[in-house]
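What the coordinates show
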Amino acid sequence: MNAPATAEQLAMSKAADAQQKPARWQRSTVLDVRHWTPEVRSLRITRPHGFRFTPGHYVRLGLEDATGEAVWRPFSMVSGRDEAELEFLTLVVPEGPFSERLRTVVTGSTMLVENFGLGFLTLDQLAAGTNLWLLASGSGIGPFISILRTPALCDGFARIILVHSVRHAAELAYADEIRQIAASPIIAGRLHYIPVVTREALPGALNARIPALLEQSLLQAHAGVDLELAHSRVMVCGNPDLTRDMRAYLAARGFQSSRRGVAGQMAFEKYW
Ligand SMILES: Cc1cc2nc3c(=O)[nH]c(=O)nc-3n(C[C@H](O)[C@H](O)[C@H](O)COP(=O)(O)OP(=O)(O)OC[C@H]3O[C@@H](n4cnc5c(N)ncnc54)[C@H](O)[C@@H]3O)c2cc1C
Ligand SMILES: NC(=O)c1ccc[n+]([C@@H]2O[C@H](COP(=O)([O-])OP(=O)(O)OC[C@H]3O[C@@H](n4cnc5c(N)ncnc54)[C@H](OP(=O)(O)O)[C@@H]3O)[C@@H](O)[C@H]2O)c1
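Residues numbered from 1 in each chain as written. Chains lettered and ligands numbered in written order. Predicted model: local features only at pLDDT ≥ 70, side-chain atom pairs only at ≥ 80, totals over all residues. Heavy atoms only, no water.

Quick look at the site of ligand 2
Applicable threshold: In this text, near means that some heavy atom of the residue lies within 4 Å of the molecule or strand in question. For this analysis, a polar contact is any N or O atom pair within 3.5 Å, provided that within protein one partner can donate a hydrogen and the other can accept it, and provided that sequence-adjacent residues contribute only side-chain to side-chain pairs. The accessible surface values rely on the Shrake-Rupley method and a 1.4 Å probe; as for residues, cover is taken only from the protein chains in view. Only DSSP runs of H or I reaching four residues or more are called helices, and only runs of E reaching two or more are called strands; each is numbered from the N terminus. Ten residues, namely Ala, Val, Leu, Ile, Met, Phe, Trp, Tyr, Cys and Pro, are considered nonpolar, four, namely Asp, Glu, Lys and Arg, are considered charged, and the remaining ones, Gly among them, are considered polar. Domain delimitation follows an automatic or database domain assignment.
In the neighbourhood of ligand 2, 19 residues make up the surrounding shell, with S165, T198, R199, R209 and N239 lying closest. S165 places a polar side-chain atom, nitrogen or oxygen, 2.7 Å from an oxygen atom of ligand 2. One of the side-chain nitrogen or oxygen atoms of R199 is found 2.6 Å away from an oxygen atom of ligand 2. Here ligand 2 has 860 Å² of accessible area as a free molecule, and 80% of this is covered by the chains. Secondary-structure elements contributing two or more residues to the shell around ligand 2 are strand 8 (159-166) and helix 7 (240-251). Of the residues that constitute the shell around ligand 2, the class distribution is eight nonpolar, five polar and six charged. Mapped onto the domain boundaries, the shell around ligand 2 takes at least three residues apiece from domain 1 (25-114) and domain 2 (123-270).

In C-alpha cells:
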C-alpha cells in the first residue's frame, strides 16, 4: 500500500494537474467601446480561439484588478454566430462590482472570456411555429440581435416580432441596425420591430410595459398577429419581474418551456 501523500506532495500534484488541464478561459482584447448612453455600452472584443456558441447563449466574462483577481459575470453574445469578433451590450449599474470595473474598460483593455457559450434562450428550445415573438427589456435585447444577425436561424418563421422596452429613447440600442435588417432581402418583410419607451414620449414608440401592452392587445394590434399557442413561439429576456410576469401570462394560455429534450413554446433568460 502507498504511504499517504504529504500536504506538499498534494500541492505539487494539484499544480501539475492545473498545468495539464486546458484553461477554462482565454484573454481577449477590447477592440471598440460604443456608448449608447453614459451607462449603456457595446463592447467588441477579439474572439477567443475555438470559441463556439449558439445565438441566444451567454458567456462569463472576467475583469481583473491590479492584483490579477477577477470578477466574473455572464453576458449574452450580441454578435452573429459566425462573426470574427464577439460583441456584448452592457449596462453599468450603480455600485455593482463588475460595473465598477466596466467603467474603466477602453479600447485595448483585456477581458477574460470563458471557453464556450451557455444557456437555453436558443431557437432549438422551441417547437416549430409561425410567429416568433422576441420580448426584451433593457440590455436583454442583446441575444435577439445575435439571432437576427444569424438570419438562417429564422427561416422557419413567417413573422418575427421584436419588442424592446427601455426607460428612455437613447437606450433603444441597435434600433437603426434592426430597421436595416428588417429592410434586407434575407428577412424580406418578416421582421416587425416595436420599440417601447416607458419614461418619456417618443413618436413611433409605445409607452407602457410589455405585459400591460399584451393585456390590452396593443402589441398584437401593432404586430398584426395574435399571440396564441397554436402559431406563436415566445422568447423573453431581461428584467426578472418581466420574465416572471410573462411566464405567468403565457402559462395561463397553455405555453410550456422545453423539458427533458422536448421543445416548448416559450424560453426565458433573466439577467438578475
Ligand atoms: C444569463 C445572464 C446573462 C446576462 N447578460 C447580460 C448582458 O448581456 N448585458 C448586461 O448588461 N447584463 C447582463 N447580465 C447581467 C450581468 O451579468 C451583471 O449582473 C451586470 O453586469 C451587473 O454586474 P455587477 O457586478 O455590476 O452588479 P450585480 O451585483 O451583478 O447586480 C446588481 C444589481 O444591478 C441590477 N442589474 C444587474 N444587471 C442588470 C442589467 N443587465 N440591466 C438592468 N439592471 C441590472 C440588478 O438590480 C442587480 O441586483 C446577465 C446576467 C445573466 C444571469
Ligand atoms: N438604463 C440606464 O441607462 C440606467 C442608468 C443608470 C442606472 N441604471 C440602473 O440600472 C437598473 C435598471 O436598468 P434598465 O433601465 O436597463 O432596466 P429596467 O429597470 O429593467 O427597465 C427596462 C425596461 O423594462 C421595463 N420594466 C421594468 N420592470 C418591468 C416589469 N416588471 N414588467 C415589464 N416591464 C418592466 C421598464 O419599464 P419602467 O420604466 O416602467 O420601469 C423599462 O421599459 C437600475 O438599477 C437603474 O438604476 C440604469
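What about the pairing of strand 6 (residues 110-114)?
Here is the rule we go by: Partly exposed residues are those whose accessible area sits between 20% and 50% of the maximum for their type, while under 20% is buried and over 50% is exposed, using a 1.4 Å probe and protein chains only. Whether two strands pair depends on DSSP finding at least two bridges between them.
Here strand 6 lies mainly inside the structure; four of its five residues are buried. Relative to strand 6, strand 1 (residues 25-35) is paired through five bridges, and the arrangement is antiparallel. If you follow W25 over to strand 6, its bridge partner there is E114. Bridge count between strand 3 (residues 58-64) and strand 6: two bridges; the pairing is antiparallel. When the bridges of strand 6 are listed, L61 appears paired with V113.

A short note on the sheet that holds strand 10 (residues 232-238)
Cut-off, in case you're wondering: Fitted lines through C-alpha atoms serve as axes, helices being fitted only where they are in contact, and the angles separating the N-to-C directions of these axes extend from 0 to 180 degrees. Residues count as neighbours in contact if any of their non-hydrogen atoms are within 4.5 Å of one another.
Across the sheet, five strands lie side by side as 9-8-7-10-11; this open sheet has parallel pairing. Each edge of the open sheet is held by one strand with a lone partner, namely strand 9 (191-197) and strand 11 (266-270). Within the sheet, the average angular offset between the axes of one strand and its neighbour, ignoring direction, is 10 degrees. By the bridge criterion, seven bridges tie strand 7 (residues 131-137) to strand 8 in an arrangement that is parallel. Directly across from W133, in strand 8, lies its bridge partner I161. Its contacts with the sheet place helix 4 (residues 175-183) against strand 8 and strand 9, and it is angled at close to 160 degrees to strand 9.

Quick notes on helix 4
Which entries qualify depends on this criterion: The arc in question is the one traced by the directions running from the helix axis out to the C-beta atoms.
Of all the positions in helix 4, only A175, I178, I181 and A182 are classed as buried. Angular distribution of buried residues about the axis of helix 4 spans 120 degrees; they occupy a single face of the element. Along helix 4, exposed side chains directed more than 90 degrees from the buried face belong to D176, Q180 and A183. For helix 4, the elements touching its buried residues are helix 3 (142-148), strand 8 and strand 9.

Side note on the domain arrangement of the chain
Here is the rule: Buried area is calculated as the accessible area (1.4 Å probe) missing from two parts once they are joined, with the contributions of both summed. Salt bridge criterion: a side-chain nitrogen from Lys or Arg within 4 Å of a carboxyl oxygen from Asp or Glu.
Each assigned domain of the chain is listed here: domain 1 (25-114) and domain 2 (123-270). Residue-level contacts link 18 residues of domain 1 with 15 residues of domain 2. Looking at the side of domain 1 facing domain 2, the largest losses of area belong to W36, V78 and L89, adding up to 36% of the total buried there. Taken together, domain 1 and domain 2 are joined by two salt bridges. One salt bridge in this structure joins E87 and R149, with 3.1 Å as the shortest N-O distance. Across the contact surface, domain 1 and domain 2 share seven residue pairs in polar contact (both at pLDDT 80 or more). Those elements that place two or more of their residues in the side of domain 1 that touches domain 2 are strand 2 (40-46) and strand 5 (85-91). A total of three residues in the side of domain 1 that touches domain 2 trace back to one element, the largest contributor, which is strand 2. Broken down by class, the residue content of the side of domain 1 that touches domain 2 amounts to eight nonpolar, six polar and four charged.

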